[in-house]
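Okay, here's what each chain looks like letter by letter:
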Amino acid sequence: MPNELDSPLKRSSFPTIEKQLLYQAEQERQANVIRAEGEAESADMIAKAIERAGDGLIKIRSIEASKEVSVLLPGGETNG
């Protein structure tokens, strides 16, 4: 299966700045696609782990985060 980067644009020696900019833009686009695919896979793995183990850890982390926020509010542990 040919790679999108196996194009004449890649094989050229970048005789113009425009071609180099186009190549860099394509590289960035592909990096964004790969990053998004990785994030989607990560979210899927987290969802599957929650299905298997339950959401107890998420509830604990939510409580911890609430405690951290409450300290910052007026009347919190260090402010009151």
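Please read all numbers here as calculations on a predicted model, not as lab measurements. (Residues numbered from 1 in each chain as written. Predicted model: local features only at pLDDT ≥ 70, side-chain atom pairs only at ≥ 80, totals over all residues. Heavy atoms only, no water.)

Considering the overall build of the protein chain
The number of helices and strands found in the protein chain is three helices and zero strands. Helices and strands appear in the protein chain in the N-to-C order α-α-α. By the burial criterion, 6% of the 80 residues in the protein chain qualify as buried. Accessible surface computed for the protein chain: about 6900 Å², of which carbon and sulfur atoms make up 60%. (Helix = DSSP H or I, 4+ residues; strand = E, 2+ residues; numbered from the N terminus. Buried < 20%, exposed > 50% of the residue type's maximum accessible area, 1.4 Å probe, protein only. Areas by Shrake-Rupley, 256 points an atom, 1.4 Å probe, with all protein chains shown as cover.)

With respect to the confidence of the model for the protein chain
Do not read the fine detail of predicted coordinates wherever pLDDT is low. Counting all residues, the mean pLDDT for the protein chain is 82, and 76% of those residues have values of 70 or more. Of all the helices and strands in the protein chain, helix H1 (residues 8-11) carries the lowest mean pLDDT, 58, while helix H2 (residues 17-53) carries the highest, 92. (pLDDT = per-residue confidence, 0-100.)

Overview of the pattern of salt bridges
Counted according to the given criterion, the structure contains five salt bridges. Asp44 is the salt-bridge partner of Lys48, the closest N and O atoms lying 3.2 Å from each other. One end of the pair is Lys48 and the other is Asp44, both in helix H2 and four residues apart, which spans about a single turn. When the shortest N-O distance is used, the salt bridge between Lys59 and Asp55 registers 3.8 Å. Look at Asp55 and you get partly exposed, because its relative accessible area is 38%. By sharing partners, the salt bridges in this structure join Arg61, Glu64 and Glu68 into a single network. (Salt bridge = Lys/Arg side-chain N within 4 Å of Asp/Glu carboxyl O.)

A closer look at H2
The end-to-end C-alpha separation of H2 is 53 Å, in line with the 54 Å expected for 37 residues at 1.5 Å each. Of the residues trailing H2, Gly54 is marked for its positive phi of about 90 degrees. (Expected span 1.5 Å × (residues − 1).)

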